[in-house]
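Structural overview
Residue-level listing of the chains:
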Amino acid sequence: MYNIQEYTKIIRERLSDYRFYHSLCVAESARLLARRYGADEEKAEIAGILHDITKECSEIEHLEIIKKADMPISPLEKSGKKFYHQMSGSAYANVILGIEDKEILDAIRYHTTGRENMSLMDEIIYLADFISADRDYEDVDIMRQQVEKGKEYGLLYATEYTIKSVVSKNALLHPDTVNAYNWILNTYFNKQEVNL
C-alpha cells in the first residue's frame, strides 16, 4: 500500500544530509519498536521516515501547508515556531502525499510534543525520535535504557526530559506535553511515584 522507497526519495530531495540520515534512523527505530510492541511495522516505518519531512521549511511554507490542510493552529502554536514542523509534516503527508491513515498522520502530528491518550503508533514515533541511532544528546543512553526497560518508562523519561529542557531555556512549553506527562503517569503508573 505504501512505498517506502518513494517516500525516501522525496525526503532525500527535501532534507539536508543530517536530517535525511536522522529520518532513516527514526524509521528503523520505529520499525523495531513496532515489532516489539505488536504494531504495524510498515506504518511505523512510514511515519518514521516522514516525521521530519517539513523540518527545514521556511515559516511561510509551514503556515501555508497547515492552512492548505485546514488544520487548526492555536495562538501558542503560531508563536512557537518549533511546533510548526510536526503540524505541517502531518499536513504535508495528508494533502501533498495523499496519506489518509489517521495513525500515521497523528504519529507525525504529535511526535515532538506527545499528547494525552497517545495511540501505540504515537508512542512508537515519539520514542523512536528520542532513541534513533544518530542521537547523541547528553541523556540518550539513559533514554535508551528506559525504553529497553519498557515503553512506559521511556515515555515518562522522554516527557520529563522535554519539560525540564524547555523550562531551562525559558521557551514555550506546549500543553500537549504536560498533558502527555500526566496521562503517562495516570495510565501506566496509576499516579504512584515512579523510581526511574
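The coordinates are above.
Residues numbered from 1 in each chain as written. Predicted model: local features only at pLDDT ≥ 70, side-chain atom pairs only at ≥ 80, totals over all residues. Heavy atoms only, no water.

1. A closer look at the overall build of the chain
Scanning the chain from terminus to terminus reveals eleven helices and zero strands. Mapped from its N terminus to its C terminus, the chain presents α and β elements in the order α-α-α-α-α-α-α-α-α-α-α. The C-alpha radius of gyration computed for the chain amounts to 16 Å, which stays within 12% of the reference 16 Å derived for 196 residues, consistent with globular compactness. A buried classification covers 52% of the 196 residues belonging to the chain. Restricting to contacts in the chain with at least 6 residues of sequence separation, those with at least 24 account for 64%. (Helix = DSSP H or I, 4+ residues; strand = E, 2+ residues; numbered from the N terminus. Rg over C-alpha atoms; globule rule 2.2 N^0.38 Å. Buried < 20%, exposed > 50% of the residue type's maximum accessible area, 1.4 Å probe, protein only. Contact = heavy atoms within 4.5 Å.)

2. As for the pattern of salt bridges
Counted by the stated rule, this structure contains 17 salt bridges. The closest approach of N and O atoms between Lys43 and Glu103, which form a salt bridge, is 2.8 Å. One end of the pair, Lys43, is in helix H3 (residues 41-50); the other, Glu103, is in helix H7 (residues 102-109), with 60 residues separating them in the sequence. With its nearest N and O atoms 3.2 Å apart, the salt bridge here joins Glu77 to Arg109. (Salt bridge = Lys/Arg side-chain N within 4 Å of Asp/Glu carboxyl O.)

3. What about unusual backbone geometry?
Its identity as a non-glycine residue notwithstanding, Asp70 has a phi of 55 degrees, on the positive side. Its place among the elements puts Asp70 in the loop between helix H4 (59-68) and helix H5 (75-79). Assessed through its relative accessible area of 69%, Asp70 is described here as exposed. One non-glycine residue, Asn117, lies in the positive phi region at around 60 degrees. Along the chain, Asn117 turns up in the loop between H7 and helix H8 (120-131). Residue Asn117 is classed as exposed on the basis of its relative accessible area of 51%.

4. What to know about helix H2 (residues 17-37)
Spanning 21 residues, H2 covers 30 Å between terminal C-alpha atoms, matching the ideal 30 Å at 1.5 Å per step. Buried within H2 we find Arg19, Phe20, His22, Ser23, Cys25, Val26, Ala27, Ser29, Ala30, Leu33 and Ala34. Summarising the contacts, the buried residues of H2 are in contact with helix H1 (4-14), H3, H8 and helix H9 (140-149). Residue Gly38 follows H2 closely and has a positive phi angle near 75 degrees. (Expected span 1.5 Å × (residues − 1).)

5. A short note on the side chain of His51
Along the polypeptide, His51 turns up in the loop between H3 and H4. Classification of His51 by relative accessible area gives buried; the value is 0%. Other than its neighbours up to four places away in sequence, His51 contacts His22, Ser23, Val26, His85, Ile108, His111, Ile125 and Asp129.

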